[in-house]
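# Understanding the architecture of this molecule
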Amino acid sequence: MIQHVRRKLANVLPAEPEVSIPNASFLQTAVESVLHLRLRFGAALMAGVVITSLVNPESIPTQALLTISAGLCADRSGLVFLKIRRTR
């Protein structure tokens, strides 16, 4: 799939006088910075449960807190934010 896109770009772009350097190489730019943030739902819910149990200790029994913490630690779902900034 990538080869087809590169071929189409090479056909659209004007021909370079130096043919030893492929067109795809001058289309790529250097990466200036990468920002990767991951928010796991299990970690956010666990923080809420812990804060609730600290504020009001009678609200959540100890056995329920242990059961909830085991389930939330096994949960791998979440949100990922990826931002790549390239130089021009």
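Keep in mind that this is a model prediction, so the values were computed, not measured. (Residues numbered from 1 in each chain as written. Predicted model: local features only at pLDDT ≥ 70, side-chain atom pairs only at ≥ 80, totals over all residues. Heavy atoms only, no water.)

## With respect to the overall build of the protein
Definition in use: Helix and strand definitions here come from DSSP, where helices need a minimum of 4 consecutive H or I residues and strands a minimum of 2 consecutive E residues; each element is numbered from the N-terminal end. Only protein chains enter the accessibility calculation, which uses a 1.4 Å probe. A residue is then buried if its area is under 20% of the maximum for its type, exposed if over 50%, and partly exposed in between. In what follows, residue pairs with any heavy atoms lying within 4.5 Å of each other are defined as contacts. Only the protein chains shown count as covering a residue, and every accessible area follows the Shrake-Rupley method with a 1.4 Å probe.
Summing up its helical and strand segments, the protein has four helices and two strands in all. Per-residue burial for the protein yields a buried fraction of 9% across its 88 residues. Of the contacts formed within the protein by residues at least 6 apart in sequence, a portion of 75% connects residues at least 24 apart. With an accessible surface of roughly 7600 Å², the protein has 64% of that area assigned to carbon and sulfur atoms.

## Some remarks on a nonpolar patch on the surface
Convention followed: Residues forming no salt bridge and having over 30% relative accessible area are the ones grouped into patches, like charges within 9 Å of each other and nonpolar side chains (Val, Leu, Ile, Met, Phe, Trp, Tyr) within 5 Å. By convention in these notes, a salt bridge is any Lys or Arg side-chain nitrogen within 4 Å of a carboxyl oxygen on Asp or Glu.
Taken together, Val31, Val34, Val80, Leu82 and Ile84 make up a surface patch of nonpolar side chains, about 450 Å² in accessible area. For the nonpolar patch, the secondary structure elements donating two or more residues are β1 (31-40) and β2 (78-86). No other element matches the three residues that β2 contributes to the nonpolar patch. When you line up the elements, Val34 lands in strand β1.

## A look at helix α3 (residues 41-55)
The following threshold applies: An expected span of 1.5 Å times one less than the residue number is assigned to each helix.
For α3, spanning 15 residues, the distance from its first C-alpha to its last is 21 Å, which sits close to the expected 21 Å at 1.5 Å a residue. Buried-residue contacts for α3 involve β1 and α4 (62-74).

## Things to note about the environment of Cys73
When you line up the elements, Cys73 lands in helix α4. Here Cys73 falls in the exposed class, since its relative accessible area comes to 56%. Through-space distance from the C-alpha of Cys73 to that of Arg40 is 9.7 Å; in sequence the pair is 33 residues apart.

## Points about the packing of α3 against α4
For clarity, the cut-off: Axes, fitted as lines to C-alpha atoms, cover a helix only where it is in contact. Angles between the N-to-C directions of the axes lie from 0 to 180 degrees. Reported orientations rely on four angle classes, namely roughly parallel under 35 degrees, roughly antiparallel over 145, roughly perpendicular from 65 to 115, and oblique for the rest. Crossing handedness follows the turn of the near helix against the far one: under a right angle anticlockwise gives a left-handed crossing, and clockwise gives a right-handed one. Ten residue types, Ala, Val, Leu, Ile, Met, Phe, Trp, Tyr, Cys and Pro, are classed as nonpolar, four, Asp, Glu, Lys and Arg, as charged, and the remainder, Gly among them, as polar.
Two numbers describe how α3 lies on α4: the axes approach to 9 Å, and their chain directions differ by 165 degrees. Classified by the angle between their axes, α3 and α4 sit roughly antiparallel to one another. Of the two possible hands of crossing, α3 and α4 adopt the one that is left-handed. Judged by residue contacts, Gly42, Leu45, Met46, Val49 and Ser53 of α3 engage Leu65, Ile68, Ser69 and Leu72 from α4. Grouping the constituent residues of the contact of α3 with α4 by class yields six nonpolar, three polar and no charged.

## Re the side chain of Ser53
Heads up, the condition is: Any N or O atom pair separated by 3.5 Å or less is treated as a polar contact, with the protein-specific requirement of one donor-capable and one acceptor-capable atom, and with residues adjacent in sequence counted only for side-chain atom pairs.
Examined against the element boundaries, Ser53 turns out to sit in helix α3. In terms of polar contacts, Ser53 uses its side chain to reach the backbone carbonyl oxygen of Val50, at 2.8 Å.

## Structural notes on the confidence of the model for the protein
Our working rule: A residue's pLDDT is simply how confident the predictor is in it, with values from 0 to 100.
When the pLDDT values of the protein are averaged, the result is 77; 76% of them are 70 or greater. Averaged pLDDT values over the elements of the protein bottom out at 53 in helix α2 (residues 23-27) and peak at 87 in α3.

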